[in-house]
Amino acid sequence: MTLKKSHNVDMLNGNLILNLIKFTLPLAFTGILQQLFNAADVAVVGQFAGKEAMAAVGSNSPVIGLLVGMFLGLSLGTNVVIAYSVGQNNVMRIQKAVHTSIVVSVFGGIVLAALGEFLAQPVVSLMGVPEEVSEMALLYLRIYLLGLPVIFLYNFESAIFRSRGNTKLPLISLIVSGIINVLLNLAFVVIFDMGVAGVAWATVISNVVSSLLLLIFLVKTEDKIKVSFKNLCVDASVLGKILKVGVPSGIQSMVFSLSNIIIQSAINSLGTTVMAASSAAFNLEVFAFYILNSYGQSCTTFVGQNFGAGKHERCTKVLKDCLLLNFSSTAAMCTLILIFGKYFLSIFNTDPDVISVGMIRLEYIFFAYVFSFAQEVLSGYLRGFGISTIPAVASVIGICGTRLIWIFTIFKRIPTFGVIMQVYPVSLGITALVMIAFTLIIRPSKRYAGKVDI
């Protein structure tokens, strides 16, 4: 089994817009399918185990986002280092980065899983999950945590493939594991009546499948990113470069998720119906977000390779094309979801109140995406040059800081769901303006030309 050359998008040559689309579409579909399979968890428990079980699963979304987000941020370091090395054609460093990333992902996942099991009860209590669903929420979280090592392994493996220009194989592995996830959901919940435990175990098993499939591809390939078990070790120098980019991104994701936990706690205080509606809407809105986010990741990878190859003018063109493609694609997806929003929400739960509140969330979130698409692409652009601290600081202050202040001041005075949702366009608008200012001031394609070794 070898990786076909056709799987790898040429980021250094050819029509940039076409290559961006070829690279980004599988990446976006991967995120969308991943969310579809996650939505299957919510839909199955909502239809066959009740509104309470659905709320229990949905209430864990911010916590899971916190855990996965931290290592997803670290995996961006892998993406940037390998992409830059590919641009330089530095095979030795590519190999060191690949093997270091595999080791870090597995052992990091084990450590975080153990810590998460210890903190699961306090975390569920901190979120203010209603008593009638707290035990189910805790059970789902504890089982999910067992799968963190393979979840993190999949994220790092995907980053390795992305850095080489390959987004198809992660998509293929996800399709296979996702089908298994849906089948196990139905078997565990409908046939064996396992409730939230059933969907949690289905998620863990499917993640084992996806990570093993990618590992097999990496072991069997003759490409530069080939994995050899005897070479698995941590290279201190390469790890330092990965952490330089990945740690600020990971911290950004963690703090971002912490702010969402605070928001989720505010949502939880409004009752089970609002919790269920918010959970259902979240599982729709992220379809648009994954398109939006994918162009940010594409920008990082394309800029990383071209920066490594010394093609600085092409880096600037990557930014412009990503902004254009991101805006048009995200706008189209948001419009589609809003038009059919009530029907989509009814898939999760047919309660009219759940559908009504869910539509409120969708309208606010999609308005906020007007600002988010620029913030994501600009962050990706800077990370492609190895500049990770500035996007992290801007996001922590602009997004997280604004949301925390909003919840503890404005929402405290006016405790309604609409007031909670208003914080999204406000916080993302502030952050987008800050990112635009930073990018115009730094102008990295000119300032760092020939001066930085990622």
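Right above here is the structure, for reference.
Report follows, based on the coordinates. This is a predicted model, so every value here is computed, not measured.

Parameters at a glance
Residues numbered from 1 in each chain as written. Predicted model: local features only at pLDDT ≥ 70, side-chain atom pairs only at ≥ 80, totals over all residues. Heavy atoms only, no water. Helix = DSSP H or I, 4+ residues; strand = E, 2+ residues; numbered from the N terminus. Buried < 20%, exposed > 50% of the residue type's maximum accessible area, 1.4 Å probe, protein only. Contact = heavy atoms within 4.5 Å. Salt bridge = Lys/Arg side-chain N within 4 Å of Asp/Glu carboxyl O. Phe/Tyr/Trp six-rings, centres within 6.5 Å; stacked < 30°, edge-to-face > 60°. 1 Å grid on protein atoms, 1.4 Å probe; cavity = no way out; pocket = protein on both sides within 12 Å on 5 of 7 lines; lining within 4 Å. Points joined across faces, edges and corners; volume = space filled by probe spheres on them. Nonpolar A, V, L, I, M, F, W, Y, C, P; charged D, E, K, R; others polar. Axes fitted to C-alpha atoms, helices over the stretch in contact; angles between N-to-C directions. Parallel < 35°, antiparallel > 145°, perpendicular 65-115°, else oblique. Left-handed = near helix turned anticlockwise from the far one by under 90°. Patch = residues over 30% accessible without salt bridge, like charges linked within 9 Å, V, L, I, M, F, W, Y side chains within 5 Å. Areas by Shrake-Rupley, 256 points an atom, 1.4 Å probe, with all protein chains shown as cover. Lys, Arg positive; Asp, Glu negative; His and termini not counted. Charge placed at Lys NZ, Arg CZ, Asp CG, Glu CD.

Tracing the sequence through the fold places Val 354 in helix H13 (residues 352-384). Take Val 354: its relative accessible area is 0%, and that puts it in the buried class. Sequence separation between Val 354 and Ser 59 is 295 residues, and the spatial gap between their C-alpha atoms is 15 Å. Beyond its immediate stretch of four places on either side in the chain, Val 354 contacts Lys 51, Thr 273, Ala 276, Ala 277 and Asn 349.

Attention now goes to the side chain of Thr 272. As for its placement among the helices and strands, Thr 272 is situated in helix H10 (residues 272-308). Every residue in contact with Thr 272, bar those within four places of it in the chain, is listed here: Lys 51, Ala 55 and Glu 132.

Once that is clear, we can look at the pattern of salt bridges. Pairing between side chains of opposite charge can happen when their charged atoms approach one another. If you walk through the whole model with that rule in mind, you get five salt bridges. The partner of Asp 235 in a salt bridge is Lys 96, with the nearest N and O atoms 3.8 Å apart. Highlighted residues: Asp 235 in the loop between helix H8 (196-220) and helix H9 (236-268) and Lys 96 in helix H4 (residues 91-126), separated in sequence by 139 residues. One salt bridge in this structure joins Arg 164 and Asp 223, with 2.7 Å as the shortest N-O distance.

Take the packing of aromatic side chains next. For the structure shown, the criterion picks out twelve aromatic pairs. Centroid distance Phe 23 to Phe 302: 5.5 Å. Interplanar angle 85°. Geometry classified as edge-to-face. Taken together, the residues span a long stretch of sequence, with Phe 23 in helix H1 (residues 16-48) and Phe 302 in helix H10 at a distance of 279 residues. The same class applies to Phe 23 as to Phe 302, namely buried. When the ring of Tyr 84 is compared with that of Phe 307, the centres are 5.6 Å apart and the planes differ by 55°; the resulting orientation is tilted. One end of the pair, Tyr 84, is in helix H3 (residues 61-88); the other, Phe 307, is in helix H10, with 223 residues separating them in the sequence. Neither Tyr 84 nor Phe 307 differs from the other in exposure class; each is buried. Taken together, the ring pairs in this structure connect Tyr 84, Phe 307, Tyr 381 and Phe 385 into an aromatic cluster.

Attention now goes to empty space enclosed by the protein. Unoccupied space between atoms shows up once a probe the size of one water molecule is rolled over them. Counted under the stated rule, the structure contains two cavities of 30 Å³ or more. Put simply, the second largest cavity is a space of about 40 Å³. Every residue lining the second largest cavity is listed: Leu 74, Thr 100, Ser 101, Val 104, Phe 156, Leu 239, Ile 242 and Leu 243. Within the residue set of the lining of the second largest cavity, elements represented by two or more residues are H4 and H9. Of the residues belonging to the lining of the second largest cavity, the class tally is six nonpolar, two polar and no charged.

Direction vectors running N to C along H3 and helix H6 (residues 148-163) enclose 25°, while the axes themselves pass 8 Å from each other. For the element pair H3 / H6, the angle class is roughly parallel. Taken as a pair, H3 and H6 cross one another with a handedness that is right-handed. Each of Leu 67, Val 68, Phe 71, Leu 72, Leu 74, Ser 75, Leu 76, Thr 78, Asn 79, Ile 82, Ala 83 and Val 86 in H3 lies in contact with H6, whose residues at this interface are Leu 148, Ile 151, Phe 152, Asn 155, Phe 156, Ala 159, Ile 160, Arg 162 and Ser 163. Broken down by class, the residue content of the contact of H3 with H6 amounts to 15 nonpolar, five polar and one charged.

Of all nine residues in helix H2 (residues 51-59), seven are buried; the element is thus mostly enclosed. Those residues of H2 lying buried are Ala 53, Met 54, Ala 55, Ala 56, Val 57, Gly 58 and Ser 59.

Along the chain, the position of Gln 305 falls in helix H10. Taking the C-alpha atoms as reference, Gln 305 lies 9.2 Å from Val 81; in sequence the two are 224 residues apart. Setting aside its immediate chain neighbours within four residues, Gln 305 contacts Met 11, Leu 12, Ala 83, Tyr 84, Val 86, Gly 87, Ser 163, Arg 164 and Gly 165.

Now for a negative patch on the surface. A surface patch of negative charge is lined by Glu 52, Glu 131, Glu 132 and Glu 135. At three residues, helix H5 (residues 131-145) tops the list of elements feeding residues into the negative patch. Locating Glu 135 in the fold gives a position in helix H5. Exposure remark for Glu 135: the relative accessible area of 69% places this residue in the exposed category.

To characterise two packed helices, one gives the angle between the axes of the helices and the distance between these axes. Here H3 crosses H10 at 25°, and the two axes come no closer than 7 Å. By the angle class used here, H3 and H10 are roughly parallel. Note on packing geometry: the crossing formed by H3 with H10 is right-handed. Every residue of H10 that contacts H3 at Ser 61, Asn 79, Val 80, Ala 83, Tyr 84, Val 86, Gly 87 and Gln 88 is listed here: Phe 282, Gln 297, Thr 300, Thr 301, Gly 304, Gln 305, Phe 307 and Gly 308. Counted by class, the contact of H3 with H10 contains six nonpolar, ten polar and no charged residues.

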